[in-house]
Amino acid sequence: MKNTASCLCKKITFAVDKFQGSIGHCHCKMCQTFHGAAFSTFVEAKTVDLHWLSGTELLKEYRANNDSVRTFCRCCGSSLLFESQYNRRDKTIEVALAAFDNIEPVHPDAHIYTESKADWYDIHDKLPQFRQYRSTEK
């Protein structure tokens, strides 16, 4: 398996067969707070392409007021997955890019939710920037 991932304590492991294409740096306030960073980076995959290898009993979920769900390891706190109502509709999941131990070459393609970007962080790359999601649909 070429795309394998784990949490910090390595008790949860999983693999993703293939990615969908969207790889965004998310600057929303929830991602900033959850990750303790200026932004988080997620890659989208179909839920059927995500395979748990170990540690599913250690998965913990946080459901936000906007009905999004963040999945993390209850032992080490590592952020692993993000799921919005749009993901549920499309049968996709957002996987934290930093969780991958082995991964095929991928490249982020946008900054999203920049309207809430951390004041202390400046974007210097040439990726497209969206004040909210990538389109008005979402």
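The shown structure was predicted, so the numbers you read here are calculated from the model rather than taken from an experiment. (Residues numbered from 1 in each chain as written. Predicted model: local features only at pLDDT ≥ 70, side-chain atom pairs only at ≥ 80, totals over all residues. Heavy atoms only, no water.)

Turning to the overall build of the protein, a few remarks are in order. Within the protein, the secondary structure is distributed over 2 helices and 11 strands. When its helices and strands are written in sequence order, the protein yields β-β-β-α-β-β-β-β-β-α-β-β-β. Its C-alpha radius of gyration of 14 Å places the protein within 12% of the 14 Å reference for a compact globule of 138 residues. Across its three principal axes, the protein shows a C-alpha extent of roughly 35 × 30 × 25 Å. (Helix = DSSP H or I, 4+ residues; strand = E, 2+ residues; numbered from the N terminus. Rg over C-alpha atoms; globule rule 2.2 N^0.38 Å.)

Below, the discussion takes up the sheet that holds strand β6 (residues 59–63). Strand order in this open sheet of 7 strands is β6-β7-β8-β9-β4-β3-β11, and the pairing throughout is mixed. Only two strands of the sheet have a single neighbouring strand rather than two, namely β6 and β11 (110–112). In this sheet, neighbouring strand axes are inclined to one another by 30° on average, regardless of whether the strands run parallel or antiparallel. Taken together, the 5 bridges between β6 and strand β7 (residues 69–73) define a ladder with antiparallel strand orientation. Opposite leucine 59, over in β7, you have cysteine 73 as the bridge partner. (Pairing = 2+ DSSP bridges. Axes fitted to C-alpha atoms, helices over the stretch in contact; angles between N-to-C directions.)

Within the element layout of this structure, serine 6 appears in strand β1 (residues 4–6). Residue serine 6 is classed as buried on the basis of its relative accessible area, which comes to 6%. In terms of polar contacts, serine 6 uses its side chain to reach the side chain of lysine 10, at 3.1 Å. A polar contact is formed between the side chain of serine 6 and the side chain of aspartate 101, at a distance of 2.6 Å. (Buried < 20%, exposed > 50% of the residue type's maximum accessible area, 1.4 Å probe, protein only. Polar contact = N/O pair within 3.5 Å; in protein donor to acceptor, adjacent residues only side chain to side chain.)

Take asparagine 3: it is sitting in the segment before β1. In this structure the side chain of asparagine 3 is engaged in a polar contact, spanning 2.7 Å, whose partner is the side chain of glutamate 104. The contacts of asparagine 3, once residues within four sequence positions are left out, are Phe14, Ala15, Val16, Asp17, Phe19, Phe100, Asn102, Ile103 and Glu104. (Contact = heavy atoms within 4.5 Å.)

Right, let's talk about the pairing of strand β9 (residues 92–96) for a bit. For β9, the tally of buried residues reaches 5 of 5 residues, placing the bulk of the element in the interior. Alternating residues of β9 divide into Thr92, Glu94 and Ala96 and Ile93 and Val95, and every residue in both groups is buried. Bridging between strand β4 (residues 40–46) and β9 involves 5 bridges; their strand directions are antiparallel. If you follow glutamate 44 over to β9, its bridge partner there is glutamate 94. Taken together, the 2 bridges between strand β8 (residues 79–83) and β9 define a ladder with antiparallel strand orientation. Opposite phenylalanine 82, over in β9, you have glutamate 94 as the bridge partner.

Nothing here speaks to function; it is geometry throughout.
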